[in-house]
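# Fold and contact review
Each chain, written out:
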Amino acid sequence: MAPGLASSAALLLLVTVLGSLFLVALSEDDQLENLRFVRRAQDAPLVSHYNYIIIGGGTAGCPLASTLSEHSRVLLLERGGLPYRNMSNQQHFTDALADTSLASPAQRFISEDGVVNARARVLGGGSCLNAGFYTRASNDYVRAAGWDARLVNSSYRWVERALVSRPDVPPWQAALRDALLEAGVRPDNGFTFDHVPGTKIGGTIFDNSGQRHTAADFLRHARPGGLTVLLYATVSRILFRQQEGAPFPVAYGVVFIDPLGGTHRVYLQDGAKNEVILSAGTLGSPQLLMLSGVGPQAHLEAHGIQVLVDQPMVGQGVADNPMNSVFIPSPVPVALSLVQVVGITRSGSFIEGVSGSEFGIPVSEGARRLARNFGLFSPQTGQLGTLPPKQRTPEALQRAAEAMRRLDRRAFRGGFILEKILGPVSSGHIELRSTDPRANPAVTFNYFQEKEDLDRCVHGIQTIERVIQSQAFANFTYANASVESIFTDSANFPVNLLPRHLNDSRTPEQYCKDTVMTIWHYHGGCQVGAVVDDDYRVFGVQRLRVIDSSTFKYSPGTNPQATVMMLGRYMGVKIQAERWRK
């Protein structure tokens, strides 16, 4: 097939792969029967008491809850459902992010920067939606965080024993590895979980049969008598009181709402070492602090929230590692593969790839009913970059979807090489839009605000150019397709809501700005040293911690899920040790 047809269809592959990078047989009732400590929020008592109340059953909350349940009574509150329907196999990895319903496990939001994004709403969090790549943080990152290196390593190993596999590397990924080495991203580090400069094969939470293993799997190792998990439980606020002898307000419980509108209260049992722990993620944790009266005074008062603690740093320092990608059409069929190989450059960019063949062909009856809903950047979700937002009518979206449906299946041959930058240095903030805990807050990431981030992106794009031109990757590129034409085609993909610069002489800097996307590695908003201390206790209150990605200043490693899961286990072990310390 000619490169022109391939490039005209490349949008469809982008829609399906990058829009989804990141339970088939049993019903939810069957799954609940198998997990007897998991129940729906409407079935919970109106009042209950626990040693620990964990808000958010995500990538950090699940390992944390499992660990603390070993010797304590723990309640884990998750606003979403179980992670088994349309998420368990990599063949279905597009389905969740293509779901725009109110019950979707991926709650879509668009940052104030104009970049489409999503936050998890499912037990297991982002580990249910991502591309599955597993790699640790660097030793420098661990030292800078002030973590106990020995406990960090044992916590990583605990995660790896439960979830992580070594991938079977298909030819496209093997060619990417060899091309990165040829492009100078050396040395060859083979298969390793470690974050070291050079090119490596990392771990994956997909097993060799293609089944996804998520953070929710950790709950199977919990002590059944020590853990209760409530699904579809939306926490509206954390409860505080002034306690005699305590210098700060003391957290003593939470209020949550069930799907039927019922209000429930959960209280901490008596005991100074019982705690509420926020693990609601980068958007959810600062949002809930503000809804509970802990945040910037003027902003809270503007929303009619009674200020408990004026804490101006809540919601600040929020960052998202920008991702840029290029689609390379292939003259030969390419097997489905998610992220398996990464090139860790010395210039601060990370190079990864995803590939597939005939992605637009539904693999299940459920997918057929969705009529090729192509993921986060599909016409069905309104992402038509060539039309102004006000012209994106249902009729226009339908015409675009129909045009895609008529494309030749061979158009789906190929893959994306993408780059993500270290850090980033640029950051923004989160603000409340309303006092509704179910609504997304307003998020600004300020992509490429700092020149250092843009320079790193340019170095990454230049590395991708060398990869495309390498002998190692020659079997997966058309001989008559120039690097310039490949990048020009990719630059026209409707990947965000930013204005288009329609010319054929884009600089690498302009390419980075025009084609910026998320890789779902956003973090910050409750950073250590600003909102929480080194033990993740919230400044200005007592018996409240935040343990999740919102505490990070920079994203760890090339992909953060390993470190977020590790942190849940790590802090669970530390909190247990504190509990029994005389």
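The structure this text deals with has already been given above.
Note that the coordinates shown come from a computational prediction; the quantities given were computed from them, not determined experimentally.

### Focus on unusual backbone geometry
In this structure, Pro 187 follows Arg 186 across a cis peptide bond, with omega equal to 5°. Counting through the fold element by element, Pro 187 comes out in the loop between helix H7 (171-182) and strand S8 (188-191). In this structure, the amide linkage connecting Gly 423 to the following residue, Pro 424, adopts the cis form with an omega of -5°. Here Pro 424 shows up in the loop between strand S22 (414-421) and strand S23 (428-431). Backbone geometry places Trp 520, a non-glycine residue, at a positive phi of 65°. Within the secondary structure, Trp 520 is located in the loop between strand S25 (517-518) and strand S26 (544-546). One non-glycine residue, Arg 543, lies in the positive phi region at around 60°. On the basis of relative accessible area, Arg 543 is assigned to the buried category, the value being 15%.

### So, the state of the cysteines
According to the stated counting rule, one finds 1 disulfide in the structure shown. Residue Cys 457 pairs covalently with Cys 512 via a disulfide, S to S 2.1 Å. Here Cys 457 and Cys 512 share a disulfide; its torsion about the S-S bond, -100°, makes the bridge left-handed. Separated by 55 residues along the polypeptide, Cys 457 in helix H12 (residues 451-469) and Cys 512 in helix H14 (residues 508-514) bring together distant segments of the chain. Looking at Cys 457, the relative accessible area reads 0%, which means it is buried.

### Description of the nonpolar core
Residues Trp 147 and Ile 417 are the most contacted members of the largest nonpolar core, which totals 126 residues. The dominant element in this core, judged by the number of residues it contributes, is helix H15 (residues 561-580), at 8 residues. The next biggest cluster of nonpolar side chains, apart from the first, holds 19 residues, and it includes Val 339, Val 342, Leu 418 and Val 495.

### Things to note about the packing of aromatic side chains
All chains considered together, the criterion is met by 14 aromatic pairs. Ring centres 6.3 Å apart and planes at 90° place the aromatic pair Tyr 141 and Phe 552 in the edge-to-face group. Placement of Tyr 141 in helix H5 (residues 139-145) and of Phe 552 in the loop between S26 and H15 is noted, with a sequence separation of 411 residues between them. Of the two residues examined, Tyr 141 and Phe 552, each falls in the buried class. The structure contains a cluster of three or more aromatic residues connected by ring pairs, namely Phe 109, Phe 445, Tyr 447 and Tyr 522. Over the aromatic face of Tyr 50 sits the side chain of Arg 73, whose NZ or CZ is 4.5 Å from the ring centroid. One Lys or Arg, Arg 579, reaches over the ring of Trp 580 and ends 5.9 Å from the middle of that ring.

### Comments concerning the pattern of salt bridges
A full pass over the atoms with the stated rule returns 13 salt bridges. Of the charged contacts, one joins Arg 456 and Glu 452 as a salt bridge, the two residues approaching to 2.9 Å between their closest N and O atoms. Here Arg 456 pairs with Glu 452, and both are found in helix H12, just 4 residues apart, close to one helical turn. Judged by relative accessible area, which is 15%, Arg 456 ranks as buried. Relative accessible area serves as the criterion here: at 40%, Glu 452 is assigned to the partly exposed category. One salt-bridge network, held together by shared partners, links Glu 275, Asp 535, Arg 537, Arg 545, Lys 574 and Glu 578.

### Focus on the sheet that holds strand S9 (residues 198-201)
In any sheet, the strands associate via hydrogen bonds between backbone groups, in a parallel or an antiparallel arrangement. Spatial ordering of the open sheet is given by S8-S9-S20-S21-S22-S19-S25, a layout of 7 strands whose pairing is mixed. Strands with a single pairing partner mark the edges of an open sheet, and in this sheet they are S8 and S25. By the bridge criterion, 2 bridges tie S8 to S9 in an arrangement that is parallel. Its bridge partner being in S9, Asp 188 is matched across the sheet by Thr 199. In this fold H12 packs onto strand S19 (322-329), strand S21 (349-356) and S22, with an angle of close to 150° to the strand it touches most, S22.

### Let's talk about the packing of H12 against helix H13 (residues 483-491)
Pairs of packed helices are described in terms of their axes, by the angle between the two and the distance that separates them. Contact pair H12 / H13: the axes reach a minimum separation of 10 Å and the direction vectors enclose 125°. One finds that H12 runs oblique with respect to H13. The interaxial crossing formed by H12 with H13 has right-handed handedness. Where H12 approaches H13, its residues Ile 461, Ile 464, Glu 465, Ile 468 and Gln 469 are matched on the opposing element by Val 483, Ile 486 and Phe 487. Residues belonging to the contact of H12 with H13 are distributed by class as follows: 6 nonpolar, 1 polar and 1 charged.

### Structural notes on the packing of helix H3 (residues 61-68) against H15
The geometry of H3 relative to H15 is characterised by a closest axis approach of 7 Å and an angle of 25° between their N-to-C directions. The angle between H3 and H15 falls in the class roughly parallel. Crossing geometry of H3 relative to H15 is assigned as right-handed. Taking contact as the criterion, the partners of Pro 63, Leu 64, Thr 67 and Leu 68 in H3 are, on H15, Met 565, Gly 568, Arg 569, Met 571, Gly 572, Val 573, Ile 575 and Gln 576. Along the lines of polarity and charge, the residues of the contact of H3 with H15 split into 7 nonpolar, 4 polar and 1 charged.

What counts, and at which threshold
- Residues numbered from 1 in each chain as written.
- Predicted model: local features only at pLDDT ≥ 70, side-chain atom pairs only at ≥ 80, totals over all residues.
- Heavy atoms only, no water.
- Helix = DSSP H or I, 4+ residues; strand = E, 2+ residues; numbered from the N terminus.
- Buried < 20%, exposed > 50% of the residue type's maximum accessible area, 1.4 Å probe, protein only.
- Disulfide = S-S within 2.5 Å.
- Core = buried A, V, L, I, M, F, W, Y, C linked by side-chain atoms within 4.5 Å.
- Phe/Tyr/Trp six-rings, centres within 6.5 Å; stacked < 30°, edge-to-face > 60°.
- Lys NZ or Arg CZ within 6 Å of the ring centre and 35° of its normal.
- Salt bridge = Lys/Arg side-chain N within 4 Å of Asp/Glu carboxyl O.
- Pairing = 2+ DSSP bridges.
- Contact = heavy atoms within 4.5 Å.
- Axes fitted to C-alpha atoms, helices over the stretch in contact; angles between N-to-C directions.
- Parallel < 35°, antiparallel > 145°, perpendicular 65-115°, else oblique.
- Left-handed = near helix turned anticlockwise from the far one by under 90°.
- Nonpolar A, V, L, I, M, F, W, Y, C, P; charged D, E, K, R; others polar.

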